[in-house]
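Each chain, letter by letter, is given below.
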Amino acid sequence: MENAILTQSSRSTARHVVIVGGGPAGLSAALAAKNAGARVTLIESSDQLGGQFWRHLPAERAGAKEAKLHHSWDTYTRLRDGVLNDENCEVMFEAQVWSLEYDHDTQLALNILVGPPDGTDRTSVRLTPDALVLATGAHDRTLPFPGWDLPGVFTAGAAQAFAKSERIAVGKRVVVAGAGPFLLPVMSSLATANAEVIGVFEASQVRNLTNWITRAPWKMLGAAHKGSELVEYVGIHLRHRVPYHLGSAVIAAHGTDQVESVTVAKIDHNWQPIPGTEKQYEVDAVCVSHGFTPRIELAIAAGCTISSSRFVQVNTRQETSVPNIYAAGEITSIGGCDAALSEGEIAGHCAAGGDLQAPSLRRAVRAQATFAHFADRLEAAHGVRSGWMSWVDDDTVLCRCEETKFGAFRDTVALTESSGLRSTKLTTRVGLGICQGRICGRNVEAILAQLTGDPQGDGARTDRRPIVTPVRLGDIACSGDTLQDPQSPPHRVDDQAIYPTESEA
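Residues numbered from 1 in each chain as written. Predicted model: local features only at pLDDT ≥ 70, side-chain atom pairs only at ≥ 80, totals over all residues. Heavy atoms only, no water.

**A few points about the overall build of the protein**
- Scanning the protein from terminus to terminus reveals 14 helices and 21 strands.
- A burial count over the protein gives 54% of its 505 residues as buried.
- If you take every contact in the protein between residues at least 6 apart in sequence, the share linking residues at least 24 apart comes to 67%.
- Of the roughly 22,600 Å² of accessible surface on the protein, 51% is carried by carbon and sulfur atoms. (Helix = DSSP H or I, 4+ residues; strand = E, 2+ residues; numbered from the N terminus. Buried < 20%, exposed > 50% of the residue type's maximum accessible area, 1.4 Å probe, protein only. Contact = heavy atoms within 4.5 Å. Areas by Shrake-Rupley, 256 points an atom, 1.4 Å probe, with all protein chains shown as cover.)

Right, here's the structure in full:
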């Protein structure tokens, strides 16, 4: 009884840290905050933990092979079990933070809906934490090209999600294209799901990747294990005989009711297609990713400073410009799982009131520095170049939600003589669909700047979404019936370590 009283007392007085996102950064932050003595609430929009990196089969359908299909699976199970098996850590699954605001201009408050996104009986929850860690991750950025709106053209992340979580390949004959090392695990997942990957087309030039290796290689010693991952992917390429083409891009997809073929061309260092190099491939699916767009809506709503490269700015403690709000993972830079783990650990520990100089953080601090440099190299080697806009013709759809085509967009911008994003959205309808510019937004901003010669415009950006995720008006109307900072949030799912071992399978 005495121990129970002490536990309840410490629980009620502990610093309350809320973490948004259950991927590598969020899980690492949750465990670090809990170990530092905080009461933790982890908010995850999916029905399982792990994020895109550790997306997996549901526990009841998994087998012993699950661990072989993911890098650092032991790290995931350690973090997951540490979060789920502790009374000081609550997990809210299928929970959407739809807005962030301040009560009386000082107290941070999160408005959350808990339950299936398409449900009509979701529970409204309002949390007022002592500290907040944003680990909301990023989604694929896909550059438009003629035919990219055809059925059968997928983001690479969507294709990988099908392959990882359901063992389903999005097609029988598949092309993987875009830029960045993410193309390699996507190819691997598709090949493992028995798709015929007829080629990986990487936009980066050979010299970009050569510079990656030869420029101050000693600075990358802390990331040496990435070499073994590369060797693994090369082995899969060879085993499945998947050609790998540098300096190439899918510049058009063709078909009537679905994609039937693609045109691939060699491109120069600015991603401009080189005439005469075009080649067609018959396919029934195309998986495309030209990097990632960080999900920074909540950070913007909180008033955090956003860098010129559109990431959340943080200090060495992973704290943003707003006191007691921290950020980790791909909203601070695109550095991969290792960067997210180290940043999450630092953010969670410091959000709980811990000291950056703590011995337990030494390894994370070293990794933080290494993978910040790693992220810079990724951008230098694989960052989007402006020549992609020459792929687009008058009939190319820019906004898939509103079906706005480039020709109409260009003509309207010329007629209105406006360089402002807000007015352009109203006159052309780009970015006004259900995704609120998540897919087309940054592409539209780049094209608008090129057409008008004004990169600033009216200062508006598509990342600013006061209502962060689509919600029903009825849910907003019922938000007055809110559970205020519950000690045990609703809809907890016990996704514990019940995966069979090889001997049990």
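Here the narrative resumes.
**Details of the sheet that holds strand S18 (residues 325–327)**
- Spatially, S3-S2-S1-S7-S18 is the arrangement adopted by the five strands of the open sheet, whose pairing is parallel. Two strands bound the open sheet, and with one partner strand each, they are strand S3 (89–92) and S18. Each neighbouring strand pair of the sheet contributes to a mean axis angle of 15°, computed without reference to strand direction.
- The sheet contact formed by strand S7 (residues 131–134) and S18 spans three bridges and is parallel. Residue pairing for S18: Val133 is matched across the bridge by Tyr326. (Pairing = 2+ DSSP bridges. Axes fitted to C-alpha atoms, helices over the stretch in contact; angles between N-to-C directions.)

**Description of the pattern of salt bridges**
- Going through the model one piece at a time under the given rule, you end up with 16 salt bridges.
- Glu196 serves as the salt-bridge partner of Arg173, at 3.5 Å between the closest nitrogen and oxygen. You can see Arg173 sitting in strand S10 (residues 173–179) and its partner Glu196 sitting in strand S11 (residues 196–202), a full 23 residues away along the chain.
- For Glu297, the salt bridge goes to Arg438, with nearest N and O atoms at 3.6 Å. Of this pair, Glu297 sits in helix H8 (residues 297–302) while Arg438 sits in the loop between helix H12 (421–428) and helix H13 (441–452); the two residues are 141 residues apart in sequence, bridging distant segments of the chain.
- Owing to a relative accessible area of 7%, Glu297 belongs among the buried residues under this scheme.
- One continuous salt-bridge network, built from bridges that share partners, spans Arg310, Arg442, Glu445, Arg461 and Asp463. (Salt bridge = Lys/Arg side-chain N within 4 Å of Asp/Glu carboxyl O.)

**Some words on the side chain of Thr320**
- With respect to the helices and strands, Thr320 occurs in the loop between H8 and S18.
- According to the relative accessible area criterion, Thr320 is buried, its value standing at 7%.
- A polar side-chain atom of Thr320 sits 3.1 Å from the main-chain amide nitrogen of Val322.
- Apart from residues lying up to four places away in sequence, Thr320 is in contact with Cys304, Val312, Gln313, Val314, Ile325, Tyr326 and Ala327. (Polar contact = N/O pair within 3.5 Å; in protein donor to acceptor, adjacent residues only side chain to side chain.)

**Regarding helix H3 (residues 73–84)**
- Compared with an ideal rise of 1.5 Å per residue, which puts 12 residues at 16 Å, H3 spans 16 Å between its outermost C-alpha atoms and is within 8% of the ideal.
- Listed in full, the buried residues belonging to H3 are Trp73, Tyr76, Thr77, Leu79, Arg80, Gly82, Val83 and Leu84.
- Tucked inside the fold, the buried residues of H3 contact helix H2 (24–35), strand S2 (39–43), S3 and helix H9 (336–351). (Expected span 1.5 Å × (residues − 1).)

**Considerations on the nonpolar core**
- Residues Val175 and Val262 are the most contacted members of the largest nonpolar core, which totals 42 residues.
- The dominant element in this core, judged by the number of residues it contributes, is strand S13 (residues 248–254), at four residues.
- Counting residues in hydrophobic clusters, the runner-up holds 37 residues, among them Ala38, Leu49, Leu79 and Cys89. (Core = buried A, V, L, I, M, F, W, Y, C linked by side-chain atoms within 4.5 Å.)

**Let's talk about the environment of Ala193**
- Checked against the element boundaries, Ala193 lands in the loop between helix H5 (183–192) and S11.
- Using a relative accessible area of 16% as the deciding quantity, one classes Ala193 as buried.
- Along the sequence, Ala193 and Gln160 sit 33 residues apart, while their C-alpha atoms lie 9.8 Å from each other.
- Setting aside residues no more than four positions away along its own chain, Ala193 makes contact with Ala163, Arg167, Ile168 and Ala169.

**Notes on helix H4 (residues 156–166)**
- Across the 11 residues of H4, eight count as buried, placing the element largely inside the fold.
- Within H4 the residues assigned to the buried category are Ala156, Gly157, Ala159, Gln160, Ala161, Ala163, Lys164 and Ser165.
- With its phi angle positive at about 60°, Arg167 sits one or two positions after the end of H4.

**What about the pairing of strand S1 (residues 16–20)?**
- Counting buried residues along S1, five of its five residues qualify, which places the element largely inside the surrounding structure.
- Burial along S1 is two-sided: His16, Val18 and Val20 facing one way and Val17 and Ile19 facing the other are all buried.
- When S1 meets S2, the two strands line up parallel, connected through five bridges. Note that in S2 the partner of His16 across the bridge is Arg39.
- Note that S1 and S7 share four bridges and pair parallel. Across the sheet, Ile19 pairs through a bridge with Val133, a residue of S7.

**Digging into the environment of Gly276**
- The topology assignment puts Gly276 in the loop between strand S14 (261–266) and strand S15 (279–282).
- Judged by its relative accessible area of 72%, Gly276 is exposed.
- Between the alpha carbons of Gly276 and Lys266 there is a distance of 8.8 Å; along the sequence they are 10 residues apart.

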